[in-house]
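For reference, the chains in residue letters:
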Amino acid sequence: SRGFSLCVPTGRTRASKHALQGLRMNGALIFGGSRGIGQATAELLAANGWYVTIADVLEEPGEAIASEIGGSFVRCDVSDPDQIAAAFASTDKKTQLLKLVFNNVGITRYGTVEVLELSDWRTTFAVNVTAQFLSAKSLSLCYARTGVG
């Protein structure tokens, strides 16, 4: 099978459920799955036979959603490469075959360049760019190790 990106609408529509029925894969890791689009994606995937791990900084809602869908939760600040690696390791232990990662994270810092601090820039870049790269790299290594992708 081939790796792919998945874009799922926020609502639980009949069409979106139908589109996923043929994709019964073992494991999904959703960064930013504690609310909004990430939560809806976690619920939709779990309803279609996926084992879902939610990785988020929002612990209480993430743990509750993971419990509701029969998945797992791992606290993960994606600005920290070690926490991204830990999220992959945790998911890999639970599913044995990770096939999908949804990078549903992003932050914004508002203000002019005169007001924003370098730390704001670094954090925004770490979450919005570096985390995406590290996640893609980690998934690629999982695919190579398991023969998936």
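Residues numbered from 1 in each chain as written. Predicted model: local features only at pLDDT ≥ 70, side-chain atom pairs only at ≥ 80, totals over all residues. Heavy atoms only, no water.

Looking at the overall build of the protein
Phase 1: Assigned secondary structure in the protein consists of five helices and four strands.
Phase 2: Written out in order from the N terminus, the α and β elements of the protein read α-β-α-β-α-β-α-β-α.
Phase 3: Put simply, the protein has 149 residues, and 39% of those count as buried.
Phase 4: Long-range contacts, defined as pairs at least 24 residues apart, comprise 59% of the intrachain contacts of the protein with a sequence gap of at least 6.
Phase 5: As displayed, the protein has an accessible area near 8,400 Å², and 53% of this comes from carbon and sulfur atoms. (Helix = DSSP H or I, 4+ residues; strand = E, 2+ residues; numbered from the N terminus. Buried < 20%, exposed > 50% of the residue type's maximum accessible area, 1.4 Å probe, protein only. Contact = heavy atoms within 4.5 Å. Areas by Shrake-Rupley, 256 points an atom, 1.4 Å probe, with all protein chains shown as cover.)

Regarding the packing of aromatic side chains
Phase 1: By the definition in use, this model includes two aromatic pairs.
Phase 2: A centroid spacing of 6.0 Å and a plane angle of 45° characterise the contact between Phe 31 and Phe 88, whose relative ring orientation is tilted. Here the residue Phe 31 occupies a position in strand β1 (residues 27-31), and Phe 88 occupies one in helix α4 (residues 81-95), the gap between them amounting to 57 residues.
Phase 3: According to the relative accessible area criterion, Phe 88 is buried, its value standing at 4%. (Phe/Tyr/Trp six-rings, centres within 6.5 Å; stacked < 30°, edge-to-face > 60°.)

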